[in-house]
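# Survey of secondary and tertiary structure
The lines below spell out each chain.
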Amino acid sequence: MDTLHLAQPLPERLDRKELLYYLGYRGQPIDAQTADRLDRCEEKVLKAAQPRWTLRRFQLDELGQPTGSGLVLQGKDIFRHLAGCFELVVMVATLGSQVETLLMRTGLCDMADSLVMDAAASCAIEAVCNRLEEKLRSRVQEEGMYLTGRFSPGYGDLPLTLQADILRITNAARTIGLTLTSTNLLVPRKSVTALLGVSRSPVATRPDPCAACRLRENCQHRKEGKYCGR
């Protein structure tokens with residue numbers, strides 16, 4: 001399962017409510033100038049985006065580790081997420097280097113546009129991953145199986161250092177141009193790595209959004225009755 005075809009990896013328009021949420025709006029009215037900026041920045045991000053992705057699927061052994069991958073899962077949260085699963089799907093996706101270049105260039109000349117474009121790019125990569133997950137879920141269901149939601153390195157106690165092994169086993173540098181910094185951050189920045197489990201019985205499709213988060217006690221989103229992944 002190294003490839004998964006998506007006829008339309010990106011929507012024609014981003015979810016405006018989600019975009020405003022990324023920008024910190026909480027129901028405030030949007031004036032015409034701001035609406036115009038949102039439209040303009042969104043259009044530039046979607047035009048620059050060149051989504052690419054790859055997937056690998058591994059059997060899980062009796063200890064919950066993916067066999068034949070060289071990937072070693074650590075922490076309690078990922079095993080809780082994969083409880084009852086017999087297979088692991090490793091997903092990597094990126095919007096591509098052109099979005100990275102757009103964000104860098106805009107940041108040098110227009111900070112307001114840069115902030116909006118950054119939020120729009122975050123919405124865009126989330127949309128790509130959601131569509132990939134939906135397609136993957138349909139394929140797994142055709143096999144009579146069930147798919148969990150995504151769980152990424154850095155979430156809960158799953159270490160961010162796992163990024164390097166994920167990129168290695170998916171050959172992401174060669175196949176989709178995805179690399180890492182020395183601090184295990186993805187390049188291009190608007191990229192995602194994630195783990196999903198496959199089970200023979202129904203599972204929760206999403207992890208508890210707050211239970212595993214180190215910032216939950218002081219999180220502004222939780223104080224508002226929301227959570228950052230929504």
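That block above? That's the structure.
The structure reproduced in this document is the subject of the present report. None of the values given here were measured: they were computed from a predicted structure. Every chain is numbered on its own, with residues counted from 1 as its sequence reads. With pLDDT at 70 or above as the cut-off, local features in this predicted model cover only qualifying residues; side-chain atom pairs require 80 or more to be listed or tallied, and sums for whole chains, interfaces and linings still use all residues. Hydrogen atoms and water are omitted, and side-chain values are computed over all heavy atoms in the structure.

## Overview of the packing of helix α4 (residues 97–109) against helix α5 (residues 111–142)
Helix-helix packing is characterised by the crossing angle of the two axes and by the distance between the axes. Here, axes are lines fitted to C-alpha atoms. For helices the fit covers the stretch in contact, and angles between N-to-C directions go from 0 to 180 degrees. The numbering of helices and of strands both runs from the N terminus, where a helix is a DSSP run of H or I of at least 4 residues and a strand a run of E of at least 2. Running from amino to carboxyl end, α4 crosses α5 at an angle of 155 degrees, the nearest separation of the two axes being 7 Å. Looking at the two axes, α4 sits roughly antiparallel to α5. Every pair of crossing elements has a handedness; the one defined by α4 and α5 is left-handed. Between α4, through Val99, Leu102, Leu103, Thr106, Gly107 and Cys109, and α5, the contact on the second element is made entirely by Met111, Asp113, Ser114, Met117, Asp118 and Ala121. Here the nonpolar group is Ala, Val, Leu, Ile, Met, Phe, Trp, Tyr, Cys and Pro; Asp, Glu, Lys and Arg are the charged ones; every other residue, Gly included, is treated as polar. Looking at the contact of α4 with α5 residue by residue, the class counts come to seven nonpolar, three polar and two charged. Every angle not falling under 35 degrees, over 145, or within 65 to 115 is termed oblique; those three ranges are roughly parallel, roughly antiparallel and roughly perpendicular. Take the far helix as your reference; a near helix turned counterclockwise from it by less than a right angle gives a left-handed crossing, and one turned clockwise gives a right-handed crossing. Contact criterion: two residues are considered in contact whenever any of their non-hydrogen atoms come within 4.5 Å of each other.

## Describing the sheet that holds strand β3 (residues 146–147)
In this description, strands pair whenever DSSP reports at least two bridges between them. On the basis of which strands lie adjacent, the open sheet formed by four strands has the order β1-β2-β6-β3 and antiparallel pairing. Since the sheet does not close on itself, it has two edges, and those belong to β1 (52–59) and β3, each with one partner. Pairing analysis gives two bridges linking β3 to strand β6 (residues 191–199), with the strands arranged antiparallel. Counted as the bridge partner of Leu147 is Val198 from β6. Docked against the sheet, α5 engages β1, β2 (85–94), β3 and β6, running at close to 150 degrees with respect to β2.

## Overview of the pattern of salt bridges
Two side chains with opposite charge may pair up if their charged atoms get near one another. By convention in these notes, a salt bridge is any Lys or Arg side-chain nitrogen within 4 Å of a carboxyl oxygen on Asp or Glu. Taken as a whole and assessed by the stated rule, the structure comprises 16 salt bridges. With its nearest N and O atoms 3.2 Å apart, the salt bridge here joins Arg16 to Glu42. Within this pair, whereas Arg16 is found in helix α1 (residues 16–22), its partner Glu42 is found in helix α2 (residues 32–48), the two being separated by 26 residues in sequence. Burial here depends on accessible area, computed with a 1.4 Å probe over protein chains only, as a share of the maximum for the residue type. Under 20% is buried, over 50% is exposed, and the range in between is partly exposed. Judged by relative accessible area, which is 26%, Arg16 ranks as partly exposed. Given a relative accessible area of 1%, Glu42 falls into the buried group. Taken together, the shared-partner salt bridges in this structure form one network comprising Arg13, Arg16, Asp39 and Glu42.

## A few points about unusual backbone geometry
Omega for the peptide link from Val187 to Pro188 comes to 0 degrees, which places this bond in the cis form. Here Pro188 lies in the loop between β5 (186–187) and β6. The phi dihedral of Asn171 is positive, around 55 degrees, even though this residue is not glycine. Position of Asn171 among the secondary structure elements: in the loop between α6 (162–170) and α7 (172–175). One non-glycine residue, Asn184, lies in positive phi territory at about 70 degrees. Structurally, the position occupied by Asn184 is in the loop between β4 (179–180) and β5.

## Observations regarding α2
Residue pairs three or four apart in sequence face the same way in an α-helix, which turns once every 3.6 residues. The terminal C-alpha atoms of α2 lie 24 Å apart, and with 17 residues this matches the ideal 24 Å at 1.5 Å per residue to within 8%. Of all the positions in α2, only Thr34, Leu38, Cys41, Glu42, Val45, Leu46 and Ala48 are classed as buried. Viewed along the axis of α2, the buried residues span an arc of 160 degrees, placing them on a single side of the element. In α2, the exposed residues that point more than 90 degrees away from the buried face are Ala32, Gln33, Glu43 and Lys47. Buried residues along α2 sit against α1, α4 and α5. N-capping of α2 is provided by Asp31, with a side-chain oxygen placed 3.3 Å from the backbone N of Gln33. Each residue after the first adds 1.5 Å to the expected span of a helix. Each C-beta atom gives one direction from the helix axis, and the arc is the one those directions make. Under the rule applied, a polar contact is a pair of N or O atoms within 3.5 Å (in protein, one hydrogen donor and one hydrogen acceptor; residues adjacent in sequence only if both atoms are side-chain atoms).

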